[in-house]
Amino acid sequence: MIRAVELIAAKRRGETHRPGEVRALIDAYMRDEVPDYQVSAWLMAVCWRGLSDEETTELTLALADSGRRLRFDGSDRPVVDKHSTGGVGDKTTLVLAPMLVAAGAVVAKMSGRGLGHTGGTIDKLEAIPGVTTTTDADALVAAVRRDGIAVAAQSPDLAPADGRLYALRDVTATVESIPLIASSVMSKKIATGANAVVLDVKAGSGAFMKEADAARDLARAMVALGRGTGLPTVAVISSMDAPLGRTIGNALEVREAIETLRGGGPAELAALCVALGAEVLTAAGAGPQDAASERLRRTLADGCALGVLRRLVGAMGGDVRCIDEPDRLPRAARVVEVKADRAGYVAAIDALRCGEVAMRLGAGRATKRDAIDPAVGLVLRVSRGDSVRQSDPLVDVHCQEEPSVDLLDALRAAFSIHERAPAPAPLILDVIR
Ligand code: URA
């Protein structure tokens, strides 16, 4: 019988648990032999004292083993997955997952609903009329076998211990711990049967990690965990000081993803997807990086990746006509322009402020119970470095009601306009393999 109080005290003193103890704690918790309050206390001790690499690996595998572990045996195509730590305007999954499948991989993805600025991948897909998402692991496997791609919401069958632990962390101020975040993310990748994973770890004002060094620490922890658990993992650190692409808001982001899959869209979005995709294909052993990049670019040029998105949307019950006629996507009642109050160069577009405004419009959730309005959001009319004249449009607000002066002022404040052009800023800050 595990003595949870001894593990809590040991961790509070900063000691390392003996092999098997972390797993025993998780297993006992899942059998309801250890109450929430003791696991909460242990989580708080972990927040302060951390976990060793070995403890983190043991925790990750215990979380993954708490439910089913999917397998896609018999396929000669690698099963790849990506994870983003989340950012403003981050629609990479909608673009990258179809690209990966068109380039010869299989994607079995469990995605979250968003909390904060805009929706998660599930909310974005559900902005397409008719789309419904499953949480059923068997349905995920069947769809992957049929279409080579499936996106499901968090299934209660996969890493259920992570679901329970995360719910406790959410209400005990214990989310912000690198070993806890890393084990939570990686346990779900292991449970969904991935052969290789790429992590898009965002750094900047609109990201969970504001500083690149903190993002690097999290990335290193997850890459080490991948090594410890036998799951090849690469992390790309990308900038989230400015929103990614031009749109923020669920249907607007779907539109931009479709444009990108047609070979248009913002160059930086396509470039990030190619970089992430080439990393994960290479990690999965599907050829050298240059060839993988070339293959991925071709999936945009020849329309194959767009065809995969069509297949995914159709399999989820969505109106596939939206792919060719994006005007069928939900549209807001009005569009209000916000204009530059002075001439100069756009030196910065604050992702966090844009995200907060998008959330106030209804594009994101302040609490888990909030409903999302798929139609509302922002469309940037300028990028960092552009020169603008006074009264040039900076951003369009897609809204259902006349926006308040306060909201428009908050949005204008997101744009810093300076006399001099800013130095170029790279989107990809680092890659950790
Ligand atoms: N996302 C997860 O899946 N887990 C965390 O702990 C944090 C973000």
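Our structure is the block above this text.
Okay, so let's go over this structure.

This brings us to the overall build of the protein. Within the protein one finds 17 helices and 13 strands. Its C-alpha radius of gyration of 22 Å places the protein within 12% of the 22 Å reference for a compact globule of 433 residues. In terms of its C-alpha atoms, the protein occupies a principal-axis envelope of roughly 70 × 45 × 40 Å. For the protein, the proportion of its 433 residues judged to be buried stands at 54%. For the protein, the proportion of contacts with a sequence separation of at least 24, taken over those separated by at least 6, is 78%. Carbon and sulfur atoms provide 49% of the accessible area of the protein, an area that totals close to 17,900 Å². Of the charged side chains in the protein, 53 are positive and 57 negative, and the gap between their average positions amounts to 1 Å.

This part covers the packing of helix α5 (residues 92-102) against helix α13 (residues 289-301). One way to put it is that α5 packs onto α13 with a least axis distance of 9 Å and a crossing angle of 110°. Our classification of the angle between α5 and α13 gives roughly perpendicular. Note on element contacts: α13 touches α5 through L296, T299 and L300, opposite M99, L100 and A102. In terms of residue class, the contact of α5 with α13 is made up of five nonpolar, one polar and no charged.

Another aspect to go through is the layout of surface pockets. Of the voids in this model, the second largest pocket is the one considered here, and its volume is about 520 Å³. What lines the second largest pocket is a set of 22 residues, among which S239, A242, E268, R384 and A425 lie closest to the centre. Each residue belonging to the lining of the second largest pocket can be placed in one class, and the counts come to 13 nonpolar, four polar and five charged.

What follows deals with the environment of F208. Here F208 shows up in the loop between β4 (196-203) and α10 (212-229). Exposure remark for F208: the relative accessible area of 36% places this residue in the partly exposed category. Between the C-alpha atoms of F208 and G362, which are 154 residues apart in sequence, the distance is 20 Å. Beyond its immediate chain neighbours, meaning those up to four positions away, F208 contacts T85, V175, E176 and I181.

For the rest of this paragraph, the subject is the site of the ligand. Taken together, the residues surrounding the ligand are Y166, R169, I181, S184, V185 and K188. A distance of 2.9 Å separates an oxygen atom of the ligand from a polar atom in the side chain of R169. Within the side chain of S184, one N or O atom sits 2.6 Å away from a nitrogen atom of the ligand. Looking at the shell around the ligand, the elements with two or more residues in it are α8 (160-171) and α9 (178-191).

Quick look at the packing of aromatic side chains now. Scanning the model with the defined rule gives zero aromatic pairs in all. One residue, R164, lies across the ring of Y29, its end atom 4.1 Å from the ring centre.

Let's shift gears to the sheet that holds strand β8 (residues 344-349). Strand pairing in a sheet is mediated by backbone hydrogen bonds. Such pairs are either parallel or antiparallel. Judged by pairing direction, the sheet is antiparallel, and its three strands sit side by side in the order β10-β8-β12 without closing on themselves. Two strands bound the open sheet, and with one partner strand each, they are β10 (387-388) and β12 (415-418). Examined bridge by bridge, β8 and β10 share two bridges and lie antiparallel to one another. Of the residues in β10, the one forming a bridge with G344 is V388.

Take the side chain of D123 next. One can find D123 in helix α6 (residues 121-126). Among the polar contacts made by the side chain of D123, one reaches the side chain of R365 at a distance of 2.7 Å.

With that settled, consider the nonpolar core. Ranked by internal contacts, the top residues of the largest apolar core, which has 82 residues, are M99, L100, L378, V397 and F415. Considering each element in turn, this core owes the most residues, nine residues, to helix α12 (residues 267-283). Residue contacts for F415: discarding those within four places in its chain leaves V346, A348, I349, L380, V382, L394 and V395. One finds M186, V201, A219 and L225 within the second-largest nonpolar core, a separate group that totals 22 residues.

The next subject is the state of the cysteines. Inspection of the entire model under this criterion finds zero disulfides. Summary of cysteine pairing: C273 is not part of a disulfide, and the nearest cysteine sulfur, belonging to C304, is at 16 Å. Relative accessible area serves as the criterion here: at 0%, C273 is assigned to the buried category. Sulfur of C399: no disulfide; nearest cysteine sulfur belongs to C354 and is 15 Å away. You can call C399 buried: its relative accessible area is 2%.

How each quantity is defined
- In every chain, residue numbers begin from 1 and rise along the written sequence.
- Local features in this predicted model are restricted to residues of pLDDT 70 or higher, and side-chain atom pairs are both shown and tallied only at a pLDDT of 80 or more, whereas totals for entire chains, interfaces and linings draw on every residue.
- Computation of side-chain values covers all heavy atoms of the structure but excludes hydrogens and water.
- Only DSSP runs of H or I covering at least 4 residues are called helices, and only runs of E covering at least 2 are called strands; the numbering of each starts at the N terminus.
- Radius of gyration means the value over C-alpha atoms here, while the globule rule gives 2.2 Å times the residue count to the 0.38 power.
- Under the scheme applied here, a residue whose accessible area is under 20% of the maximum for its type counts as buried, over 50% as exposed, and between as partly exposed, the area being computed with a 1.4 Å probe on protein chains only.
- Contacts were defined at the residue level, with two residues in contact if any of their heavy atoms lie within 4.5 Å.
- A 1.4 Å probe and the Shrake-Rupley method give the accessible areas. Residues count as covered only by the protein chains that appear here.
- Charge counting follows a simple rule: Lys and Arg are positive, Asp and Glu are negative, and His as well as the terminal groups are ignored.
- All charge positions are set by atom: Lys at NZ, Arg at CZ, Asp at CG, Glu at CD.
- Axis geometry follows a simple rule: fit a line to the C-alpha atoms, using only the stretch in contact for helices, then measure angles between N-to-C directions, giving values from 0 to 180 degrees.
- Orientation labels follow simple angle bins: below 35 degrees gives roughly parallel, above 145 gives roughly antiparallel, 65 to 115 gives roughly perpendicular, and whatever is left gives oblique.
- Note that Gly is not counted as nonpolar here; it falls among the polar residues with everything else outside the nonpolar set of Ala, Val, Leu, Ile, Met, Phe, Trp, Tyr, Cys and Pro and the charged set of Asp, Glu, Lys and Arg.
- Lining residues are defined by having an atom within 4 Å of a point belonging to a cavity or pocket. Those points lie on a 1 Å grid over the protein atoms alone, cavities being sets where a 1.4 Å probe fits but cannot get out and pockets being open sets with protein on both sides within 12 Å along at least five of seven lines.
- Grid points are joined across faces, edges and corners, and a volume is the space filled by probe spheres set on the points.
- Distances are taken per atom, and a residue is near a molecule or strand as soon as one of its heavy atoms is within 4 Å of it.
- Any pair of nitrogen or oxygen atoms within 3.5 Å is treated as a polar contact; in protein, a donor-acceptor pairing is required on top of that, and neighbouring residues in sequence qualify only through side-chain atoms on both sides.
- Paired rings are identified among Phe, Tyr and Trp, the last through its six-membered ring, by centres lying within 6.5 Å, and are further divided according to the angle between planes into stacked (under 30 degrees), edge-to-face (over 60) and tilted (the rest).
- Working rule: Lys NZ or Arg CZ, within 6 Å of ring centre, within 35 degrees of ring normal, means a charge sits over the ring.
- Strand pairing is assigned whenever DSSP detects at least two bridges linking the two strands.
- Residues belong to one nonpolar core when they are buried, are Ala, Val, Leu, Ile, Met, Phe, Trp, Tyr or Cys, and are joined through side-chain atoms within 4.5 Å.
- By disulfide we mean two sulfur atoms from cysteines, separated by a distance within 2.5 Å.

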